[in-house]
Every structure is written in C-alpha cells, then in structure tokens.
Number of protein chains: 2
Amino acid sequence: MPHKVTPESPIGIFDSGIGGLTVVRAIQAALPEEKIIYFGDTARVPYGPKSQVTIRKYAADDTAILMRYQPKLIIVACNTVSALALDVVEKTCGSIPVIGVLKAGAGLAVEATENSRIGVIGTQATICSNAYAVTINSLNPDAEVFSRACPLFVPLAEEGLVDHPATRLIAREYLDEFAGKDIDTLVLGCTHYPILRRIIGETVGPAIHIIDSAEAVARRTRELLDESGLLNKTREQALPHLLVSDLPQKFSRIYKLFMGSELPDVELVEV
Amino acid sequence: MPHKVTPESPIGIFDSGIGGLTVVRAIQAALPEEKIIYFGDTARVPYGPKSQVTIRKYAADDTAILMRYQPKLIIVACNTVSALALDVVEKTCGSIPVIGVLKAGAGLAVEATENSRIGVIGTQATICSNAYAVTINSLNPDAEVFSRACPLFVPLAEEGLVDHPATRLIAREYLDEFAGKDIDTLVLGCTHYPILRRIIGETVGPAIHIIDSAEAVARRTRELLDESGLLNKTREQALPHLLVSDLPQKFSRIYKLFMGSELPDVELVEV
C-alpha cells in the first residue's frame, strides 16, 4: 500500500556509501526548501566491484529503509544501482517516482554534446554493465559512447588526494583511453568523481564539457516535483537527515570533504 | 558442543575478502598435505574502514561459516579482525585453536629485529587499534613501534599496479613516515601488502627486514599442529575449498594475481 505524499514529504536519497552526498549537496543548492533523508550503506560499501545478484539485493534493502520515512520521491545516487537494479528500486517503492543518477547524467550529456561523441567514466560494474551507452543511445541513436572504468578514483578521492601527483598520473593513464576519440563531453559516472573534477578537467583539457550527474539529478528533481505539484514551498531550511549502516572513524573527515561543512547527527540503521 | 578433530580435519581460514589468499599460499607451501577451507567475505569487504561494532559482528558470522566444516584450527587471515575481534572468533569456535595473523607477524618481527625498532603498516582500522604495538610490546617491552596506515595499498594491489610510478609515489609518501626512525624491521600488517612487497622493499631499502605475516602464520600453524599431534600425514594434495559471499567479476583476475594459478570452483554462501 503506497503512502500518501504531500509537498512537505521528504526526498529520499540513497547510495552505497557517502559518494551520494555530492547529490545531497546539489539538491540543497537547487532546492533549499526540500527535506532530505539520506541513507548511505556504509557497512557494505563499495557496491561497484560486487556481483549483480548482490547489488540487486542491497538495492531492495536500501529502498525499504527510505520507504519508512514516506518520501515523495526516491533518488538513486548510486551509479552502480542505477545501472544494474533501478527496476528493483521501482518495484520496492510502488507508485513513488524514482530518479536515477545514470539516466539524469546521460540526459544532460546528450543535451551538452555538439558532435555526439561522449566519454563515460565510472566503477568497474557501472562500465561493464554498458548502461550509460545504452541509455545515451536510447536518447540519441547517433551518439558514439566511449567508456573507461577508473577503480582507483574512489579511494584516491576518499584519501583526499585531490591535487596529488599520483592522482594526476593515474588520471592521465585512465583518461588516455579517450585520446584520438574526439569526444566533446565526459560524464562523471560515479558520485565520488566530482571531488576529483579539477584534476579530471585539467587532464582532458578545457575543450571537453564535464557532466556532473549530481547537478543533472538536481535539475531533473526540480522538473519532476514541479510537474507533479510537489515542490515544497514552506521554506524551512533543515540539515539533511542522515542514516548510515556503519559509522566508520573516517566518516566525519569525508563528510567535510564532500559537503564542506561539519558532520551533523547521524542515525545508525541495521541492514 | 565442539566437534571432534582429527589430523585429517581441514584448516579453516577466513578473511574479509581475498587478501587472505596470501595466507592460503603460504600454508600450501609449508604444509602441502593439509586440507584448507577458505572463506572470503567478498560481499562485505573491506572491513578496514568500518567500525569496531560492525567488524565484531562480521567476525562472528565468518567463524560460524567455517565451523560448519568442523576444522581442527581456525586462522584469522584478516588483520582487522585479528586486531579488533580475535576474542569474538575464539568465543564462537569454542575449544578449537585460533591463530591470528597479527600475533604471528608481531612474533616474527620481535625475533627478526636487532635494534628493537619496528615499523608496522596496515589499514586505517588496524593501525588505529594500536594492536600491533600492544602485541609487540607484550613480547618485548623494550621494542619501539612506529606505525602508518596505508589505505591506498589495497586498491593499488587489486588493480595490479605492482610496478607503477603512481604506486611508487604513494609508497614513498606513506613510508617516509619511517625516515629517521632507524627501524630495522617492517611488518606488512595487511594480507594484501605482500603483493606490493617489491615496491615496499625498494622504497625502504635493503637494510630493513620485511615481515610477511602470511609466512609467519604458516610457521605458527606448523608448530601448533605438531605440538597437538594434528599434522596431516596422509599426503593427499588438494586444491583449497573456496567459499565466498559474493563472486565479483574481477575475482578470477585477482585470484591469479594472488595465487599464481587459475581460479578453481568456488562456492557462494550467504551472510
């Protein structure tokens, strides 16, 4: 039985860990009136290197946790889940609309490209699923998509090596994939990657549009809430309500790195 | 009720993921007659960055899975569990003896050092627990222990960047911690690190003994089975029986990197 939603209902956002905080930040910037419930599955992070069966099970668990808070909308901030288990999320949350970062990012890339040649970077699982290429081609059948998994970008971002020569070396090696491909647009297909946006941008050069899917999600969220008359107009700014399945020592340091502010209270939930 | 053990009973080994395969390899080399059951909790890896509460829960689960196979000995190949939850393992397996990599590695380091100045590297959780320093000092109260967490070594090893300039840069930065400390011994306090042993050795220089705790565990296992009359004499060589909680795509590549041979059949277990 789906719950009743109102403009005051919260927006539910989940991710395999804390990378989705880049989406929280983008939503707060674009829609400061909205209440946000964020769940990060920090006890089972990362999803990227795991199998599809396991990722689908975790996606159902994560959605069920957010549904306890009767959200008006669910945002899948995890690219891996968006690629491999969006149907599981939609099934678990009934008639509540779902936005996945993947489709939002793919849509913005198709709008941005002028030569229909698009690069995508992400985790191993996201890239192997080929979901970005499929989604981009469903929106623009003429688009050519070039992909590259960049597994070290997440640990490098979490270590805060946002301007380190080792990060530059690894970025150069990963992004060399796109040399000679003549792409004009590059999708950051993992929510951690905006943290490394500067190094990535400098490595590929200023001629290439960088698509941050967190910003794309925020745009799509505004459109969807507006269309359905569910934009919150009450203007009571609040901190996001944070749920995590584990509270590791480094959490507050990483929260600060992602959000640019001190960690508020967090609630521990069992998975 | 503890089960009956015989020399033919298997040795149970577990780790948070696949790093513990370096221990499997060391045991196979030292004790080729022994049957080995290995469980890697690949659905919930890594343990290193998670909280103590979560790590202790996972340790109990992992031990219970191995106990189904009625082992004569349990080896905790995970440094994080050895540091934070060895008592949980001992409680879960009743009278079956338990060997943790941490104590084995600490013991070998104390034997190897000549000036009682020992360096330890490991994951964030292992280093923050201070367990190596406490264990080394319980064996040699005069020893001085210097520690450094090296969180990027695990993803770099898993990416196979065993001889990459970025790995060298990061190793230099991490291991610079020991400059001027006059250590003569360095403990690889994480089962992944033997994969990067060459770069680590070249970075600290040839004067420093490198302690591989997988080798230390194999030595301790031989002693303990010998003392208790439980060495297997039947000489029927077999592949290790592999259990995992998830079977990710990269598993066979990483198995080969760690074991130097093709992946045998693996069994999926639920956690």
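Preceding this section is the structure that the text describes.
The following paragraphs examine the structure supplied in this document. Note that the structure is a prediction, hence the values are computed from the model and not measured.

## Quick notes on the overall build of chain A
Link 1 in the chain: From N to C terminus, chain A includes 12 helices and 10 strands.
Link 2 in the chain: In terms of C-alpha radius of gyration, chain A reaches 18 Å, essentially the compact-globule figure of 18 Å for 271 residues.
Link 3 in the chain: Per-residue burial for chain A yields a buried fraction of 59% across its 271 residues.
Link 4 in the chain: Considering only intrachain contacts with a sequence separation of at least 6, the fraction spanning at least 24 residues in chain A is 77%.
Link 5 in the chain: With the model as given, the accessible surface of chain A reaches about 10,900 Å², and the carbon-plus-sulfur share is 51%.
Link 6 in the chain: Separation between the mean location of the 26 positive side-chain charges and that of the 33 negative ones in chain A comes to 2 Å.

## Topic: the environment of leucine 169 of chain B
Link 1 in the chain: Structurally, leucine 169 of chain B is set in helix H9 (residues 165-175).
Link 2 in the chain: Taking the C-alpha atoms as reference points, leucine 169 of chain B and threonine 203 of chain B, separated by 34 residues in sequence, lie 9.6 Å from one another.
Link 3 in the chain: Those residues in contact with leucine 169 of chain B, other than ones at most four positions away along the chain, are Pro165, Ala166 and Leu169 of chain A.

## Section: unusual backbone geometry
Residues and elements named next belong to chain A.
Link 1 in the chain: Residue proline 46 follows valine 45 across a cis peptide bond; omega there is -5°.
Link 2 in the chain: Among the structural elements, proline 46 can be located in the loop between strand E2 (36-40) and helix H2 (52-67).
Link 3 in the chain: Phi at serine 116 is positive, roughly 60°, even though this residue is not glycine.
Link 4 in the chain: Among the secondary structure elements, serine 116 is positioned in the loop between helix H5 (101-112) and strand E5 (117-122).

## Here we look at the layout of surface pockets
Link 1 in the chain: The space that makes up the largest pocket amounts to roughly 580 Å³.
Link 2 in the chain: At the level of secondary structure, the elements contributing two or more residues to the lining of the largest pocket comprise H2 of chain A together with helix H2 (52-67) of chain B.
Link 3 in the chain: Among the residues forming the lining of the largest pocket, the class breakdown is 13 nonpolar, 5 polar and 7 charged.

## Overview of the nonpolar core
Link 1 in the chain: One finds Phe153 of chain A together with Phe153 of chain B to be the most contacted residues of the largest nonpolar core, which totals 203 residues.
Link 2 in the chain: Residues within four places of phenylalanine 153 of chain A in sequence aside, it is in contact with Ile121, Ile170, Ala171, Tyr174, Tyr193, Leu196 and Ile200 of chain A.

## Quick word on the sheet that holds strand E8 (residues 209-212) of chain B
Residues and elements named next belong to chain B.
Link 1 in the chain: What the 4 strands build is an open sheet, ordered E6-E5-E7-E8; its pairing is parallel. At either margin of the open sheet sits one strand with a lone partner, and together these are strand E6 (144-149) and E8. Strand-to-strand twist across the sheet, computed as the mean angle between neighbouring axes with direction ignored, equals 20°.
Link 2 in the chain: Pairing geometry for strand E5 (residues 117-122) and E6, over 6 bridges, is parallel. Its bridge partner lying in E6, glycine 122 is registered against alanine 149.
Link 3 in the chain: Each of E5, strand E7 (185-188) and E8 is contacted by helix H10 (residues 197-204), which is oriented at about 155° to E8, the strand it contacts most.

## Some thoughts on the pairing of strand E1 (residues 11-15) of chain B
All names here are of chain B.
Link 1 in the chain: Within E1, 5 of the 5 residues are buried, which leaves the element mostly enclosed by the surrounding structure.
Link 2 in the chain: Residues Ile11, Ile13 and Asp15 point to one face of E1 and Gly12 and Phe14 to the other, with burial holding for every one of them.
Link 3 in the chain: Pairing of E1 with strand E2 (residues 36-40) involves 5 bridges; the strand directions are parallel. In the sheet register, aspartate 15 faces E2, and the bridge partner there is glycine 40.
Link 4 in the chain: In this view, the connection linking E1 to its parallel neighbour E2 by way of helix H1 (residues 21-30) has right-handed handedness.
Link 5 in the chain: The sheet contact formed by E1 and strand E3 (residues 73-76) spans 4 bridges and is parallel. Pairing of isoleucine 13 across the sheet is with isoleucine 75, part of E3.

## Let's talk about the interface of chain B and chain A
Link 1 in the chain: Residue-level contacts link 32 residues of chain B with 32 residues of chain A.
Link 2 in the chain: Overall, the association of chain B and chain A removes approximately 2,300 Å² of surface from exposure, summing both partners, and the carbon and sulfur fraction of that is 59%.
Link 3 in the chain: At the surface where chain B touches chain A, the tally comes to 0 salt bridges.
Link 4 in the chain: Viewed at the interface, chain A and chain B are joined by 14 residue pairs in polar contact (both at pLDDT 80 or more).
Link 5 in the chain: Put simply, the parts of the chain that give the side of chain B that touches chain A at least two residues each are H2, helix H8 (153-158) and H9 of chain B.

## Some thoughts on helix H9 (residues 165-175) of chain A
Link 1 in the chain: Taken together, the buried positions of H9 of chain A are Ala166, Thr167, Ile170, Ala171, Tyr174 and Leu175 of chain A. Along the axis of H9 of chain A, the buried residues cluster in a sector spanning 150°; they form a single face.

## Notes on the environment of isoleucine 11 of chain A
All names here are of chain A.
Link 1 in the chain: Its place among the elements puts isoleucine 11 in strand E1 (residues 11-15).
Link 2 in the chain: With 126 residues separating them along the chain, isoleucine 11 and asparagine 137 place their C-alpha atoms 29 Å apart.
Link 3 in the chain: With residues near it in sequence (within four places) discarded, isoleucine 11 still touches Ile27, Glu34, Lys35, Ile36, Ile37, Lys72, Leu73, Ile75, Thr221 and Leu225.

## A word on the relation of the copies chain B and chain A
Link 1 in the chain: Mapping chain B onto chain A leaves a residual RMSD of 0.0 Å; the transformation is a rotation of 180° accompanied by 0.0 Å of translation along its axis. One copy is carried onto the other by what is essentially a two-fold rotation axis.

## Side note on the sheet that holds strand E10 (residues 266-268) of chain A
All names here are of chain A.
Link 1 in the chain: If you walk across this open sheet you meet the 6 strands as E4-E3-E1-E2-E9-E10, and the pairing is parallel. Two strands close off the open sheet at either side, each with one partner strand: strand E4 (98-100) and E10. Recorded for the sheet is a direction-independent mean angle of 20° between the axes of neighbouring strands.
Link 2 in the chain: Sitting on the sheet, helix H1 (residues 21-30) touches E1, E2, strand E3 (73-76) and strand E9 (241-244), and the angle it makes with E2 is about 170°.
Link 3 in the chain: Across the face of the sheet, helix H11 (residues 213-227) comes into contact with E1, E3 and E4 while running at roughly 165° to E3.

## What about the packing of H1 of chain B against helix H12 (residues 251-259) of chain B?
Residues and elements named next belong to chain B.
Link 1 in the chain: Where H1 meets H12, the closest approach of the two axes is 9 Å, and the angle between their N-to-C directions is 40°. Taken together, the axes of H1 and H12 lie oblique to each other. Read as a crossing pair, H1 and H12 show a hand that is right-handed. Listed contacts from H12 to Leu21, Thr22, Val24, Arg25 and Gln28 of H1 are Tyr255, Phe258 and Met259.
Link 2 in the chain: Looking at side-chain class alone, the contact of H1 with H12 contains 5 nonpolar, 2 polar and 1 charged residues.

## Brief notes about the packing of aromatic side chains
Residues and elements named next belong to chain A.
Link 1 in the chain: Going through the model one piece at a time under the given rule, you end up with 6 aromatic pairs over all chains.
Link 2 in the chain: Pairing phenylalanine 153 with tyrosine 174 gives two aromatic rings, centres 5.2 Å apart and planes at 80°, and the pair type is edge-to-face. Pair noted here: phenylalanine 153 is in helix H8 (residues 153-158) and tyrosine 174 is in helix H9, with a separation of 21 residues, a long-range link. Tyrosine 174 matches phenylalanine 153 in its accessibility class, with the two residues each being buried.
Link 3 in the chain: Seen in terms of ring centroids, phenylalanine 153 and tyrosine 193 are 5.3 Å apart; in terms of plane orientation they differ by 85°. Their pairing is edge-to-face. One end of the pair, phenylalanine 153, is in helix H8; the other, tyrosine 193, is in the loop between strand E7 (185-188) and helix H10 (197-204), with 40 residues separating them in the sequence.
Link 4 in the chain: Here phenylalanine 153 falls in the buried class, since its relative accessible area comes to 1%.
Link 5 in the chain: Judged by relative accessible area, tyrosine 193 falls into the buried class, the value being 0%.
Link 6 in the chain: Ring pairing ties together the aromatic residues Phe153, Tyr174 and Tyr193, which thus form one cluster.
Link 7 in the chain: Geometry around tyrosine 58 places arginine 44 over its ring, the cationic atom sitting 3.7 Å from the centre.

Cut-offs and rules
Residues numbered from 1 in each chain as written. Chains lettered and ligands numbered in written order. Predicted model: local features only at pLDDT ≥ 70, side-chain atom pairs only at ≥ 80, totals over all residues. Heavy atoms only, no water. Helix = DSSP H or I, 4+ residues; strand = E, 2+ residues; numbered from the N terminus. Rg over C-alpha atoms; globule rule 2.2 N^0.38 Å. Buried < 20%, exposed > 50% of the residue type's maximum accessible area, 1.4 Å probe, protein only. Contact = heavy atoms within 4.5 Å. Areas by Shrake-Rupley, 256 points an atom, 1.4 Å probe, with all protein chains shown as cover. Lys, Arg positive; Asp, Glu negative; His and termini not counted. Charge placed at Lys NZ, Arg CZ, Asp CG, Glu CD. 1 Å grid on protein atoms, 1.4 Å probe; cavity = no way out; pocket = protein on both sides within 12 Å on 5 of 7 lines; lining within 4 Å. Points joined across faces, edges and corners; volume = space filled by probe spheres on them. Nonpolar A, V, L, I, M, F, W, Y, C, P; charged D, E, K, R; others polar. Core = buried A, V, L, I, M, F, W, Y, C linked by side-chain atoms within 4.5 Å. Pairing = 2+ DSSP bridges. Axes fitted to C-alpha atoms, helices over the stretch in contact; angles between N-to-C directions. Right-handed = clockwise from strand over helix to strand, strands pointing away. Buried area = accessible area lost by both parts, 1.4 Å probe. Salt bridge = Lys/Arg side-chain N within 4 Å of Asp/Glu carboxyl O. Polar contact = N/O pair within 3.5 Å; in protein donor to acceptor, adjacent residues only side chain to side chain. Arc of directions from axis to C-beta. Least-squares fit on C-alpha atoms with pLDDT ≥ 70 in both. Parallel < 35°, antiparallel > 145°, perpendicular 65-115°, else oblique. Left-handed = near helix turned anticlockwise from the far one by under 90°. Phe/Tyr/Trp six-rings, centres within 6.5 Å; stacked < 30°, edge-to-face > 60°. Lys NZ or Arg CZ within 6 Å of the ring centre and 35° of its normal.

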